[in-house]
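# Observations on the three-dimensional arrangement
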Amino acid sequence: MMTPSNVRTMPFLPYLSIMAVLLIIGAAGGFYVYERVDQNLQKHILDRTNTIALMVDYENLKQLSGTEADLYDTRYRAMKATLQLVRLANPDVRFIYIVGQRPDGMLFFYMDSERSDSEDYSPPGQTYDEASEMMHRVFQTGKSYSEQTTDRWGTWVSGSAPIYDQYGQVVGLLGVDVPADEYLRNALFYASIPFIVSFLIALLIGFAWYTREQELKYVRKKGEFLAIASHEIRSPLTGIRWALGSVLTSKNPIPEEEKGMVLKSYANTVDLIYRISNFLSVNALEGKANELRRDEVPLRKAVKEVFDDLALTAAARNVRLEMDAQLHEGITVHANQEYLRQILFNIIVNAVKYTKENTRVLVAYMLKDGMHEISISDQGNGIAKEDQERIFKGYERTAAAAASKKEGTGLGLFLTKEALKAHNGTIRVESILGAGTTFVIVLPAVAQVK
């Protein structure tokens, strides 16, 4: 629970730094993925280019003249038909073509995969003026290459593979063109994934900061309001309690029928003050364990003050409040006086509330292994085993407590546990159904028994 005293605005700079680092990582990851995808796509294009080049009948190719006379050659038509079929089988490919090299080094088209009536058709013998340096290198080195090129037909990612004769001589070049925009879209799609993931995480972190900031502002305002409201309520209630107590203990007796009403009002006032005090204590304790002032508090005196506060409430149910002989005047506890009293009050008021009528609530003490052990026992219906851990979680009530129709919030035991934790102490419960419950408060024995 956060309170106005410990709620602080969360600086945005650390969040911004993390977001910036994530975006940088995302950009670097995107660049790496782009490079890998680019390599893989080019390799895929090159592999297909090499495969198609192996399908070319070099004997037929060597018989072609590289002029328009080839249009009447059945070998030309058969090879062109093959290129067209391969083109149809590869829908991402725009052009497949076979290029030759003249003695002067110029490259020309033997054929392409286009229909003769297409505006992109290249007739046999057409000079390929835009041929790249890489394509010329295929004829020189006999190796296949892939690259991005631009010619009169557009911008492509192209694969170029040599066509060998039986002697291992390069007699032609097979080219495959894939539209660069589609190629780039594929590469950018995969490359964008790391950046998008990083961006979304950064966005979530920024949103988390914003949400947390709004939550802190809300908690701060809420805490301020509730603290003021609780304080303003507790002050008049304390006055009412003392007034009712004075009436009940006055030497001037009041009629019996009115006494019960006043006694019930007193008990309800004490219970309401107890709940408000618990709320204020929880509200103030969070984050302040190291700031608590600690003194040597006489333990018997602290228990007696709680007994005095609950005397009338206990009397209304004919419950006896007792301390054993071991809890003598010389015992002191190194603790914050206000919180120690609140701890004792929380356990004892529950014992008075849930013990059976005409029974007793006993506060016992022992020094064990350098620790104060304060036991508060009642003779109520007990707490089921499955409920014994849950009751300390805050705003939790057992089924038996709810069935008893006694009012409660479940906050008292939570506060008690937290306050003891701030004092390096613990609390445990021992209970037998139908026989009663004992809460054992354990605190370090900083001050020794006198």
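Scroll up to find the structure this text is about.
Quick caveat: nothing in here was measured; it's all calculated off a predicted structure.

What counts, and where the lines are drawn
Residues numbered from 1 in each chain as written. Predicted model: local features only at pLDDT ≥ 70, side-chain atom pairs only at ≥ 80, totals over all residues. Heavy atoms only, no water. Helix = DSSP H or I, 4+ residues; strand = E, 2+ residues; numbered from the N terminus. Expected span 1.5 Å × (residues − 1). Bend = angle between axes of the 7 residues up to and from the residue. Buried < 20%, exposed > 50% of the residue type's maximum accessible area, 1.4 Å probe, protein only. Pairing = 2+ DSSP bridges. Axes fitted to C-alpha atoms, helices over the stretch in contact; angles between N-to-C directions. Contact = heavy atoms within 4.5 Å. Salt bridge = Lys/Arg side-chain N within 4 Å of Asp/Glu carboxyl O.

## Re helix α7 (residues 299–316)
Given a rise of 1.5 Å per residue, 18 residues ought to cover 26 Å, and the 26 Å separating the end C-alpha atoms of α7 matches this to within 8%. Within α7, the axis deviates most sharply at L310, by approximately 55°. Those residues of α7 not exposed but buried are L299, A302, V303, V306, F307, D309, L310, L312, T313 and A314. The first or second residue beyond α7 is N318, which carries a positive phi of 55°.

## Considering the sheet that holds strand β2 (residues 107–112)
One open sheet holds the 5 strands; their spatial order is β2-β1-β5-β4-β3, and the pairing between them is antiparallel. The open sheet terminates on both sides in strands that have one partner only, identified here as β2 and β3 (145–151). Strand after strand, the sheet turns through a mean of 35° between neighbouring axes, direction not considered. Where strand β1 (residues 95–101) and strand β5 (residues 170–179) come together, 5 bridges link them in antiparallel fashion. Its bridge partner lying in β5, V99 is registered against L173. Its contacts with the sheet place helix α3 (residues 74–89) against β1, β2 and β5, and it is angled at close to 75° to β2.

## Digging into helix α4 (residues 133–141)
Buried within α4 we find M134, M135, H136, V138 and F139. In this structure, the buried residues of α4 make contact with β1, β2, β3, β4 (154–164) and β5. G142 sits one or two positions beyond α4 and adopts a positive phi of about 75°.

## Some points on the pattern of salt bridges
Pairing between side chains of opposite charge can happen when their charged atoms approach one another. Taken as a whole, this structure holds 19 salt bridges when the rule is applied. Where D112 meets K80, a salt bridge forms, and the shortest distance between an N and an O atom there is 3.1 Å. On the criterion of sequence distance, the pair formed by D112 in strand β2 and K80 in helix α3 is long-range, its members being 32 residues apart. According to the relative accessible area criterion, K80 is buried, its value standing at 11%. Its salt-bridge partner being E373, residue R428 comes within 3.6 Å of it at the nearest N-O pair. Within this pair, whereas R428 is found in strand β11 (residues 426–432), its partner E373 is found in strand β10 (residues 371–377), the two being separated by 55 residues in sequence. Judged by relative accessible area, which is 34%, R428 ranks as partly exposed.

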